[in-house]
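Residues per chain are reported as follows:
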Amino acid sequence: MSLKSFNHFETLCTKPIKEVRNTANHQLGINPSSAFRFDNTADSIKAFLSQPGSHVYSRYGNPTVDPVGQRIADLEVSGSKTKAYGVLTSSGMAAIHICLQSLLLPGDTVITQEILYGGTSELLNKVFVPQKIKVLNLNFSNLISLEKSLLKLKGNKVIYLETPVNPNLACVDIKAVSKIAKKFKVLVIVDNTFCTAYIQKPLLLGADIVLHSTTKFLHGHGVSMGGAIVTKDKLLMHDKIWPFLKLIGSTSNAFDAWLIHLGLKTLHIRMQRHCDNAMALANYLDQHENVQKVNYPGLDNHKDHNIAKNQMNGFGALLSFEVKGSIQNAKRVMDGLSLAAIAPSLGETDTMVLHPASSSHLRVDKKLREQHGISDTLIRVSVGIENIEDIINDFNIALDFKIRAK
Ligand SMILES: Cc1ncc(COP(=O)(O)O)c(C=O)c1O
C-alpha cells in the first residue's frame, strides 16, 4: 500500500482541498479558512513571531479581512502623506469596546458628550463604569470647560466624540478639541460613522483614532454587520488595539469583510448622492408649515453650520426634524410615509426614518434628551439615494394634514 496516496474514501471526503492557482484574482476573494497551514515548523514559528501580519488563525488575521480594514484606514488619510493602520471588528459596538478597553484601566476617565449614539452611552455606563472607569460628560462647544477638566482630572484620560451627533446633528470642532487634547497628551477618538472619510477625515484634523460602524455607509447596503478601528499610531495598533481584538475575539469574518469591500467601491458616489438628497430634503422640510425645526448641518440656520462647513466635505445623509404639535403628529408622519422605511439603522441606499425618543434614545433620561432637542416629536431621517422628487413627495404626502391647536 502506498503511504503517500491517502486516497481512502473517508480520507478523500475529509482532507482539505489545496487551491490550484495559476493566475491571480482580479477581485478580492473570500477566504473563510479558520486556520492557515505551514510547510514546516520553521515557517510556523516565523509566522507566529511576525504578528500581526502573517496569517496563522483567522481570529488573529485573515487574508480577506485584513486588507479591507487597511483600505478603510487608507481612505481616512487619503490625499495626505499620513499613514494609518486599520482593523475590522464584528460590529461598530465591538470597535468602540475594543478601542476603549485597550486604552483604559480602573481610575481612568472617558470625557465625552452627554448625547451620543444610545448604544455607546449604554456601553459606557454598563460596561466601563462598573470597571471603575469614570465617564465625564461635557459640552465640547465649551472649550474652556474642557481645558479646565483636563487640568483637574487625575489619571489617564481619553476624549471620545461623535460629530455630527446622533440624532440632533450638533457638530464638534475636531481640530479645536484635538489641539487642547494634544497639550495634555490625551488621545482623541472620533466615531466617524455618520460621515465616512468621504465627508470628514478626523485623523487629518488632529484626532488619534477613528471608529466606524461599517454596518452603515461604508458597507451601505444593509446586509452586513461590522466595525473598524483606525489609528495613525502603528505601535498603538500593534501593541494595544490588535492584541485586545485578538484576545476578546470580536473580529470580523471573511464574508462580512468581502461585503464591506463591495460597499467601499461605490462609497464616493453614494455619499455624494446622499448629501445632495439630504440637502434638498432639509430645505424642503425647513419651509413646511407643519415642521417646527429641522436639524441639518448644511442649513445656514443650524447652530454649528460654520463648524460643519470647515471640517466636512458635504453635510451628510442624516437630518432630524420636529413635527409641530404632539407626539401623535410625529407618529402620523412616520406612519404616513410609504417610500421611507421605519427601521432602526441608517446609511443604506434607501431612506429610513426613526423616532429617537421611543427607540434609539428610549433609555436616555427624558429631561436630558429634551435639553438636547430630542423631543417626542423629533423624527430622524437617513436620506437615501433614490430619486429626490420621490423622497420629497413621500414626505409631502405624510405631512399633508391640518395641525389642530392644542
Ligand atoms: C454613530 C454610531 N456608532 C456606532 C454604532 C454601533 O454600530 P453597530 O450597530 O454596527 O454595532 C451605531 C449604530 O447605530 C451608530 O449609529
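Predicted model only: the values in this text are computed from it and were never measured. (Residues numbered from 1 in each chain as written. Predicted model: local features only at pLDDT ≥ 70, side-chain atom pairs only at ≥ 80, totals over all residues. Heavy atoms only, no water.)

Things to note about the overall build of the protein chain
The cut-off we apply is this: Every helix listed is a DSSP run of H or I at least four residues long, and every strand listed is a run of E at least two residues long, numbered separately from the N terminus. Summary of the burial criterion: residues with accessible area below 20% of their type's maximum are buried, those above 50% are exposed, and those between are partly exposed, where the area comes from a 1.4 Å probe applied to protein chains only. Two residues form a contact once any of their heavy atoms are found within 4.5 Å. Values of accessible area rely on a 1.4 Å probe in the Shrake-Rupley scheme; residue burial ignores everything except the protein chains shown. We score Asp and Glu as negative and Lys and Arg as positive, and we do not count His or the chain ends. By convention, charge coordinates are those of NZ in Lys, CZ in Arg, CG in Asp, or CD in Glu.
Helices and strands together make up the secondary structure of the protein chain, namely 15 helices and 12 strands. On the principal axes, the C-alpha backbone points of the protein chain span a range of 95 × 50 × 40 Å. Classification of the 406 residues of the protein chain by burial places 51% in the buried group. A separation of at least 24 residues holds for 72% of the contacts in the protein chain among residues at least 6 apart in sequence. With the model as given, the accessible surface of the protein chain reaches about 20000 Å², and the carbon-plus-sulfur share is 55%. Averaging the locations of the 45 positively and 35 negatively charged side chains of the protein chain gives two centres separated by 7 Å.

Thoughts on the packing of aromatic side chains
Quick reminder of the rule: Any two rings among Phe, Tyr and Trp, with Trp reduced to its six-membered ring, count as a pair given centres within 6.5 Å; such a pair is stacked if its planes are under 30 degrees apart, edge-to-face if over 60, and tilted if neither. Here, a charge over a ring means that NZ of Lys or CZ of Arg falls within 6 Å of the ring centre while also lying within 35 degrees of the ring normal.
Applying the stated rule across the entire model yields seven aromatic pairs. Between the aromatic rings of F38 and F48, the centroid separation amounts to 6.5 Å while the plane-to-plane angle is 55°, which identifies the pairing as tilted. Placement of the pair is F38 in the loop between α1 (9-14) and α2 (41-49) and F48 in helix α2, with a sequence separation of 10 residues. With a relative accessible area of 43%, F48 lands in the partly exposed category. Ring pairing ties together the aromatic residues F38, F48, Y57, Y60 and W242, which thus form one cluster. Note that K246 overlies the ring of Y60, its terminal NZ or CZ placed 4.9 Å from the centroid.

A few points about the environment of S252
Relative to the elements of secondary structure, S252 occurs in the loop between α9 (234-248) and α10 (254-264). Sequence-wise, S252 and S90 are 162 residues apart; in three dimensions their C-alpha atoms are separated by 4.3 Å. If we skip the residues at most four places from it in the chain, S252 touches V65, L88, T89, S90 and A257.

Details of the sheet that holds strand β7 (residues 227-231)
Each strand in a sheet pairs with its neighbour through backbone hydrogen bonds, running either in the same direction (parallel) or in the opposite one (antiparallel). For the record, the criterion: DSSP bridges decide pairing: two strands pair if at least two such bridges lie between them. Axes here mean lines fitted to C-alpha atoms, for a helix over just the part in contact, with angles spanning 0 to 180 degrees between N-to-C directions.
In spatial order, the strands read β1-β7-β6-β5-β4-β2-β3; together these seven strands make up an open sheet with mixed pairing. In this open sheet, the two strands that pair with only one neighbour each are β1 (85-89) and β3 (134-137). If you compare each strand with its neighbour and ignore which way they point, the axes differ by 20° on average. Strand direction decides the pairing type here: strand β2 (residues 109-112) and strand β4 (residues 157-162), joined by four bridges, are parallel. Each residue of the ladder has a partner; that of T112, found in β4, is Y160. Strands β1, β6 (209-213) and β7 of the sheet are contacted by helix α3 (residues 65-76), whose axis makes an angle of about 130° with β1.

Side note on the nonpolar core
Defined as follows: Think of a nonpolar core as a cluster: buried Ala, Val, Leu, Ile, Met, Phe, Trp, Tyr and Cys residues, connected wherever their side-chain atoms sit within 4.5 Å. Note that domain bounds follow an automatic or database assignment of domains.
The biggest cluster of nonpolar side chains holds 56 residues, and the ones touching the most others in it are L281, L285, L319, F321, I379, V381 and F395. Two domains each provide a minimum of three residues to this core, namely domain 1 (41-264) and domain 2 (267-398). Leaving out residues up to four positions away in the same chain, I379 has contacts with L319, S320, F321, V323, A330, V333, M334, V353, L354 and P356. Membership of the second largest hydrophobic core comes to 25 residues, among which are I96, I98, V158 and L245.

Some words on the sheet that holds strand β8 (residues 291-295)
Spatially, β8-β9-β12-β11-β10 is the arrangement adopted by the five strands of the open sheet, whose pairing is mixed. Across the chains shown, the open sheet's two edge strands, defined by having one partner strand only, are β8 and β10 (341-342). Across five bridges, the pairing between strand β9 (residues 318-323) and strand β12 (residues 378-382) is antiparallel. Across the sheet, residue F321 finds its bridge partner in β12, namely I379. Taken strand by strand, helix α13 (residues 327-336) contacts β9, β10, β11 (352-354) and β12, and its axis lies near 130° from that of β9.

Brief notes about the site of the ligand
Threshold: Each residue is tested against the molecule or strand, and it is near if at least one of its non-hydrogen atoms lies within 4 Å. Side-chain atoms alone can form a polar contact between residues adjacent in sequence; in general such a contact is a pair of N or O atoms within 3.5 Å, and within protein one must be able to donate a hydrogen while the other accepts it.
Taken together, 15 residues lie around the ligand, and M93, D191, S213, T215 and K216 are the ones closest in. Here an oxygen atom of the ligand sits 2.8 Å away from a polar atom, N or O, in the main chain of M93. Between the ligand and D191 there is a distance of 2.6 Å, counted from a nitrogen atom to a side-chain nitrogen or oxygen. For the ligand, whose accessible area on its own is 390 Å², the fraction buried by protein is 91%.

Focus: the domain arrangement of the protein chain
As a reminder of what qualifies: What counts as a salt bridge is simple: a side-chain nitrogen of Lys or Arg found within 4 Å of a carboxyl oxygen of Asp or Glu. Any residue that is not Ala, Val, Leu, Ile, Met, Phe, Trp, Tyr, Cys, Pro, Asp, Glu, Lys or Arg is counted as polar, Gly included; the first ten are nonpolar and the last four charged.
The domain boundaries assigned to the protein chain delineate domain 1 (41-264) and domain 2 (267-398). Between domain 1 and domain 2, the C-alpha centre-to-centre distance is 26 Å. The tally of links from domain 1 across to domain 2 stands at zero salt bridges. Elements with a contribution of two residues or more to the side of domain 1 that touches domain 2: α5 (118-128), α7 (174-183), α8 (196-199) and α10. Looking at the side of domain 1 that touches domain 2, its residues break down into 18 nonpolar, 11 polar and five charged.

Quick word on the packing of helix α6 (residues 143-152) against α7
Angle between the axes and distance between the axes are the two parameters that describe a pair of packed helices. The line we're drawing: Roughly parallel refers to an angle under 35 degrees, roughly antiparallel to one over 145, roughly perpendicular to one between 65 and 115, and oblique to any angle outside these ranges. When the near helix sits turned anticlockwise from the far one by under a right angle, the crossing is termed left-handed; a clockwise turn instead gives a right-handed crossing.
Axis separation between α6 and α7 bottoms out at 10 Å; the angle between their running directions is 20°. Judged by the inter-axis angle, α6 sits roughly parallel to α7. Considering only the axes of α6 and α7, their crossing is right-handed. Counting all contacts with α6, which are made through L143, L146, E147 and L150, the residues of α7 involved are A176, V177, I180 and K183. Among the residues making up the contact of α6 with α7, the classes are represented as six nonpolar, no polar and two charged.

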